[in-house]
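Listed below are the residues making up each chain.
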Amino acid sequence: MNVSIGCSGITWRKRGLGDGLADIASAGYYGAPISGVESRDAAEIHRLWTSHGLAPAPGYINGEYWDRGQRDDQLHAARINAKVSRELDLTDIFIAVGGFETVTRAGRTRRQAAANAGQLDMLTDEQFRQMTQTITEVCEVFLEEGVRPCFHTHVGTFVETEEEVERLLEAVDPELLFVGPDTGHLAWAGIDVNNFFRRHARRITSVHLKDIDLEVRERGRAEGWAYAEFEKAAIWTEVGDGDIEFPGIFQILDDVGYSGWLTVETDVTQQPTPFESARISREYLAGLGF
């Protein structure tokens, strides 16, 4: 495949952006996702990333799109991100739905309901319609700048479960909303990752590579853990060290001629340093020919 291998800076959030970019470059990655778009223009991002020998990779935007009162702010944020992405020659951006701290009809937040969401934890039909309408408008903003919004699933949000994900992808025109799957969040939500990639292969434009320990997932679901408890119990692993079957995923992408970014993202590492985490994942991918 004609792919670019990137690494997210999320593992360095306690260390700072400069350290993260330096380590990502040293670990052998081609690029890193852009961040801080609200406070950095495209020229500054380009200078900072290239000073470390890295290319800017697709960024990330999320919002409470079901809330009609936030629509104007969400469209404004989309315009800023679209402009910066275009100026950096990025053709994709990840878009996700929020909801981490929103109290649901079940009386708990989606973060508390992680991997255990029921019907009362989900948006109402009216909220879902508003979400799809606003996301459609946000997509139009990005596409006007030549940037494809690719939907990113995330545990702890209002689009986490297979039912929620498929409902949204069916509701929004595939010519407007593409797919940017996160392998770890799909698996954590109980979705068969390979089957998901197979169903949506031709709609996928960018990918986040995460790995998880399924034993931790099952234990946490059985005991009703909240999001943070899963992380404390080490649900995240380095790519290749967990239970996700990456060779099969890459074969599915190869079969449809995928070209784009494959971005490693380990939210919380058990390794001594973020650099060691990034190195392990990079060596695994190199062993597969990337």
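Residues numbered from 1 in each chain as written. Predicted model: local features only at pLDDT ≥ 70, side-chain atom pairs only at ≥ 80, totals over all residues. Heavy atoms only, no water.

(A) Looking closely at the packing of aromatic side chains. For the structure shown, the criterion picks out 10 aromatic pairs. For the ring pair W225 and F230, a centre distance of 5.4 Å and an interplane angle of 75 degrees mean the geometry is edge-to-face. For the residue pair W225 and F230, the accessibility class agrees, reading buried in each case. One aromatic cluster in this structure is built from F100, W188, W225, Y227, F230 and W236. Over the aromatic face of W236 sits the side chain of K210, whose NZ or CZ is 5.4 Å from the ring centroid. The ring of Y29 carries the charged tip of R282 above its face, separated from the ring centre by 5.8 Å. (Phe/Tyr/Trp six-rings, centres within 6.5 Å; stacked < 30°, edge-to-face > 60°. Buried < 20%, exposed > 50% of the residue type's maximum accessible area, 1.4 Å probe, protein only. Lys NZ or Arg CZ within 6 Å of the ring centre and 35° of its normal.)

(B) Molecular detail of the packing of helix α5 (residues 162–171) against helix α7 (residues 193–200). At their nearest, the axes of α5 and α7 sit 13 Å apart, and the two run at 5 degrees to each other. One element, α5, and the other, α7, form an angle in the roughly parallel class. In contact with E162, V165, E166 and L169 of α5, α7 contributes F196, R199 and H200. Split by residue class, the contact of α5 with α7 holds 3 nonpolar, 1 polar and 3 charged. (Axes fitted to C-alpha atoms, helices over the stretch in contact; angles between N-to-C directions. Helix = DSSP H or I, 4+ residues; strand = E, 2+ residues; numbered from the N terminus. Parallel < 35°, antiparallel > 145°, perpendicular 65-115°, else oblique. Contact = heavy atoms within 4.5 Å. Nonpolar A, V, L, I, M, F, W, Y, C, P; charged D, E, K, R; others polar.)

(C) View of the nonpolar core. M131, W188 and F197 are the most contacted members of the largest nonpolar core, which totals 81 residues. Setting aside its immediate chain neighbours within four residues, W188 contacts A114, A115, V155, I212, R217, Y227, F230, I235 and W236. (Core = buried A, V, L, I, M, F, W, Y, C linked by side-chain atoms within 4.5 Å.)

Shape is all these values report; function is a separate question.
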